[in-house]
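Listed here are the chains, written in short residue letters.
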Amino acid sequence: MIQKILIGLNLIIGLGGVVGGFLALSSSARASVGISETMLKNSPFTTFLIPGLFLLCIIGFGNLFVSYTSIKTKPSFAYFDCVIGLILCLWIIAQCIMLLSIVPLHVIFFLLGFVQFLGGLLLIRKEHLLPPFSAHQN
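All of these numbers come straight from a predicted model, not from anything done at the bench. (Residues numbered from 1 in each chain as written. Predicted model: local features only at pLDDT ≥ 70, side-chain atom pairs only at ≥ 80, totals over all residues. Heavy atoms only, no water.)

**Concerning the packing of helix 1 (residues 2–25) against helix 5 (residues 104–127)**
- One way to put it is that helix 1 packs onto helix 5 with a least axis distance of 10 Å and a crossing angle of 150 degrees. As summarised for this structure, helix 1 and helix 5 are arranged roughly antiparallel, according to the angle between their axes. Seen from above, helix 1 lies across helix 5 with left-handed handedness. Side by side, helix 1 and helix 5 meet where Ile-2, Gln-3, Leu-6, Leu-9, Asn-10 and Ile-13 of the first sit next to Phe-109, Leu-112, Gly-113, Val-115, Gln-116, Gly-119, Gly-120, Leu-122, Leu-123 and Lys-126 of the second.
- For the contact of helix 1 with helix 5, the per-class residue count stands at nine nonpolar, six polar and one charged. (Axes fitted to C-alpha atoms, helices over the stretch in contact; angles between N-to-C directions. Helix = DSSP H or I, 4+ residues; strand = E, 2+ residues; numbered from the N terminus. Parallel < 35°, antiparallel > 145°, perpendicular 65-115°, else oblique. Left-handed = near helix turned anticlockwise from the far one by under 90°. Contact = heavy atoms within 4.5 Å. Nonpolar A, V, L, I, M, F, W, Y, C, P; charged D, E, K, R; others polar.)

Here it is as structure tokens:
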């Protein structure tokens, strides 16, 4: 049950990351939803290129990869859920600090990342999984 929930979260977050990444990388799409580079005035970025690529590749494709590996290999990749959930939480915190604002989408995706992280921990504990590259594995 936990694994199915995590796969669902990976798919939702991954698709959101892909859409958000493409939105950030397309100036015409950003303009259509009212997002401009002025939002980045308190950040180290002058364009949405780096944040857009991070959102697309790490958050989007990363979550889709984790869902694929979870479907194919069962619970043995639960550590990836922990890592990708933690990355999402840190991404949202950094984004809120750089934008100097918190909007409902930040809260929603932070909570999804936190649930992803905790779900991964629960699955690791339930399945008694060893850490990756552990000396106790064959």
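**So, the packing of aromatic side chains**
- Counted by the stated rule, this structure contains two aromatic pairs.
- Between Phe-54 and Trp-91, the aromatic rings sit 4.7 Å apart at their centres with planes inclined by 25 degrees, giving stacked as the arrangement. Taken together, the residues span a long stretch of sequence, with Phe-54 in helix 3 (residues 49–73) and Trp-91 in helix 4 (residues 78–99) at a distance of 37 residues.
- Owing to a relative accessible area of 15%, Trp-91 belongs among the buried residues under this scheme.
- Considering the side-chain rings of Phe-65 and Phe-80, the 6.2 Å spacing of their centres and the 45 degrees angle between planes classify their relative orientation as tilted. Placement of the pair is Phe-65 in helix 3 and Phe-80 in helix 4, with a sequence separation of 15 residues. (Phe/Tyr/Trp six-rings, centres within 6.5 Å; stacked < 30°, edge-to-face > 60°. Buried < 20%, exposed > 50% of the residue type's maximum accessible area, 1.4 Å probe, protein only.)

**Considerations on the packing of helix 3 against helix 4**
- For the pair helix 3 and helix 4, interaxial distance at closest approach is 10 Å and the crossing angle is 155 degrees. Taken together, the axes of helix 3 and helix 4 lie roughly antiparallel to each other. Our pair here, helix 3 against helix 4, has a crossing hand that is left-handed. Residue-level inspection shows Pro-51, Phe-54, Leu-55, Ile-58, Ile-59, Gly-62, Asn-63, Phe-65, Val-66, Thr-69 and Ser-70 of helix 3 in contact with helix 4, the latter providing Phe-80, Asp-81, Ile-84, Ile-87, Leu-88 and Trp-91.
- Tallied by class, residues from the contact of helix 3 with helix 4 come to 12 nonpolar, four polar and one charged.

**Structural notes on the nonpolar core**
- Among the nonpolar cores identified, the biggest contains 14 residues, and Ile-13, Ile-59, Leu-88, Trp-91, Ile-92 and Phe-109 are the most heavily contacted of them.
- Of all the secondary structure elements, the ones that give two or more residues to this core are helix 1, helix 3, helix 4 and helix 5.
- Looking at this core, the element that brings in the most residues is helix 4, giving six residues.
- Other than its neighbours up to four places away in sequence, Ile-92 contacts His-106, Phe-109 and Phe-110. (Core = buried A, V, L, I, M, F, W, Y, C linked by side-chain atoms within 4.5 Å.)

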